[in-house]
Amino acid sequence: MINIAIDGPSGAGKSTIAKHLAKTLGFLYVDTGALYRAIGLYVLRQGEDTRDEDTVEKLLENIQLRLAYVEGTQRVLLNGEDVSQAIRTQEVAMAASNVSAMPCVREFLFSLQQNMARDNNVVMDGRDIGTVVLPNAQIKIFLTATAEDRARRRCLELKEKGQQAEYETVLEEVKQRDYNDSHRAIAPLKQAPDAILVDTTGNELETSIEILTNLVKEKLK
Ligand code: DC
């Protein structure tokens, strides 16, 4: 099987680019952030504290997670319920960020991710795919952009959704999340030594998609 790992901070265009790439290659796109979000959602729904590791560890015993594909699109099934929409809120993003720092949660998701890559050609995106989950991936990409560029894009996205967005506030949040993601004790966000660095700063999305697709096609030749 061919495994392509795409890691990087949020807002660099990872998921959109990875999705396009997977479609072009006919591979499965695996969005691993969705798995952390589903666990965050479950803990929130139980009314429990997403920062309390003992509680989260106990709750994991009641969680069954599965990825399904409907017309090529990933769906996340939490105890049989399709939560693909429900996990896309800011509250769940924060909950996911909290639970993703816990070793029990990372361990819980480890084999699910590895099995997907063992059984399918995948483009898998996340934070630790090239470093921890798929250290033997044939192609590893670390996709990044400056915090300012990512904050600008996030502001645009929020405004398109009709939500208030103050650039300075968004930039602070982006920097804070970068710091948290790259300084946590377990599986921190960092570029694998054999990953190709792609900086999308200043690019239109189409340009980044083209750069990455060409790069991968060249590598797969
Ligand atoms: O990419 P995302 O925003 O959907 O990710 C949600 C959270 O999960 C984010 O805080 C980072 C974390 N995450 C992780 O720790 N490891 C991954 N492989 C994917 C996501």
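None of the values given here were measured: they were computed from a predicted structure.

Chemist: Got a minute to help me understand the pattern of salt bridges in this structure?
Modeler: When the charged atoms of two side chains with opposite charge come close together, those side chains can pair. On inspection of all chains with the given rule, the structure shows 13 salt bridges. With its nearest N and O atoms 2.6 Å apart, the salt bridge here joins arginine 150 to aspartate 178. With a gap of 28 residues between them, arginine 150 in helix α7 (residues 147–160) and aspartate 178 in helix α8 (residues 167–183) connect regions that are remote in the sequence. Each member of the pair, arginine 150 as well as aspartate 178, is classed as buried. The residue glutamate 218 makes a salt bridge to lysine 221 at a minimum N-O spacing of 3.3 Å. The exposure classification of glutamate 218 matches that of lysine 221, with both residues exposed. One salt-bridge network, held together by shared partners, links Asp149, Arg152 and Arg153.

Chemist: Which parts of the structure should I look at to understand the sheet that holds strand β4 (residues 73–78)?
Modeler: Strands pair in a sheet through their backbones, by hydrogen bonds, and they do so in one of two ways: parallel or antiparallel. Spatially, β3-β4-β5 is the arrangement adopted by the three strands of the open sheet, whose pairing is antiparallel. Where the open sheet ends on each side, the last strands, each with one partner, are β3 (65–70) and β5 (81–82). Pairing between β4 and β5: two bridges, direction antiparallel. Of the residues in β5, the one forming a bridge with leucine 77 is aspartate 82. Where helix α2 (residues 33–45) meets the sheet, its contacts fall on β3, β4 and β5, and the angle it forms with β4 comes to roughly 30°.

Chemist: Can you walk me through the sheet that holds strand β1 (residues 3–7) in this structure?
Modeler: Across the sheet, which stays open at both edges, the five strands sit in the order β2-β6-β1-β7-β8 with parallel pairing between neighbours. Each edge of the open sheet carries a strand with a single partner, namely β2 (28–31) and β8 (196–199). Neighbour-to-neighbour, the strand axes of this sheet turn through a mean angle of 20°, independent of strand direction. Two strands pair when backbone bridges link them, and β2 and strand β6 (residues 122–126) are joined in this way by four bridges, in the parallel orientation. Bridge pairing in β6 links valine 30 to methionine 124.

Chemist: What should I look at first to understand the site of the ligand in this one?
Modeler: Around the ligand, the surrounding shell holds 13 residues, and the nearest of these are Thr32, Arg37, Arg106, Asp128 and Arg184. Note that an oxygen atom of the ligand is positioned 2.9 Å from one of the side-chain N or O atoms of arginine 106. One of the side-chain nitrogen or oxygen atoms of arginine 184 is found 2.9 Å away from an oxygen atom of the ligand. The fraction of the free accessible surface of the ligand (450 Å²) that becomes covered by protein chains is 93%.

Chemist: What should I look at first to understand the nonpolar core in this one?
Modeler: The nonpolar side chains of soluble globular proteins are, as a tendency, buried together. Of all hydrophobic cores here, the largest spans 36 residues; its most connected members are Ile39, Leu65, Val76, Ile87, Val105, Leu109 and Met124. Of all the secondary-structure elements, those providing two or more residues to this core are α2, α3 (53–60), β3, β4, α4 (90–99), α5 (103–119), β6 and α6 (129–133). For this core, the leading source of residues is α2, giving eight residues. Apart from residues lying up to four places away in sequence, valine 105 is in contact with Tyr36, Ile39, Val56, Leu60 and Val99. Grouped together as the second largest cluster of nonpolar side chains are 17 residues, Ile4, Leu21, Ala22 and Leu212 included.

Chemist: Sorry, what's going on with a negative patch on the surface here?
Modeler: A contiguous patch of negative charge on the surface is contributed by Glu48, Asp52, Glu53, Asp54, Glu57, Glu61 and Glu107. Counting residues per element, the negative patch draws most heavily on α3, at three residues. Positionally, glutamate 107 belongs in helix α5. The class for glutamate 107 is exposed, based on a relative accessible area of 64%.

Conventions used here
Every chain's residues receive numbers from 1 upward, in the order its sequence appears when written. Under the rules for a predicted model, residues below a pLDDT of 70 receive no local features and side-chain atom pairs below 80 are neither given nor counted, while totals for whole chains, interfaces and linings still include all residues. Based on all heavy atoms of the structure, the side-chain values leave hydrogens and waters out of the count. We define a salt bridge as a contact between a side-chain nitrogen of Lys or Arg and a carboxyl oxygen of Asp or Glu at a distance within 4 Å. To qualify as a helix, a DSSP run of H or I must reach at least 4 residues; to qualify as a strand, a run of E must reach at least 2; elements of each kind are numbered from the N terminus. Throughout, exposure labels follow a simple rule: accessible area from a 1.4 Å probe, protein chains only, divided by the maximum for the residue type, with under 20% read as buried, over 50% as exposed, and the rest as partly exposed. When DSSP finds two or more bridges between two strands, those strands count as paired. We call two residues contacting when some pair of their heavy atoms lies within 4.5 Å. Axes, fitted as lines to C-alpha atoms, cover a helix only where it is in contact. Angles between the N-to-C directions of the axes lie from 0 to 180 degrees. One heavy atom within 4 Å of a molecule or strand is enough for the residue carrying it to be called near that molecule or strand. Pairing of N or O atoms within 3.5 Å defines a polar contact, subject to two protein rules: one partner must be a possible hydrogen donor and the other a possible acceptor, and residues neighboring in sequence count only if both atoms are side-chain atoms. Accessible surface is estimated by sampling points in the Shrake-Rupley manner with a 1.4 Å probe; for residues, cover comes only from the protein chains shown. In plain words, nonpolar cores are sets of buried Ala, Val, Leu, Ile, Met, Phe, Trp, Tyr and Cys residues tied together by side-chain atoms within 4.5 Å. Patch definition: residues above 30% relative accessible area lacking any salt bridge, with like charges linked at up to 9 Å and the nonpolar side chains Val, Leu, Ile, Met, Phe, Trp and Tyr linked at up to 5 Å. Asp and Glu count as negative and Lys and Arg as positive, but His and the ends of the chain are not part of the count. Every charge is mapped to an atom, namely NZ of Lys, CZ of Arg, CG of Asp or CD of Glu.

Coordinates in, geometry out; function isn't part of it.
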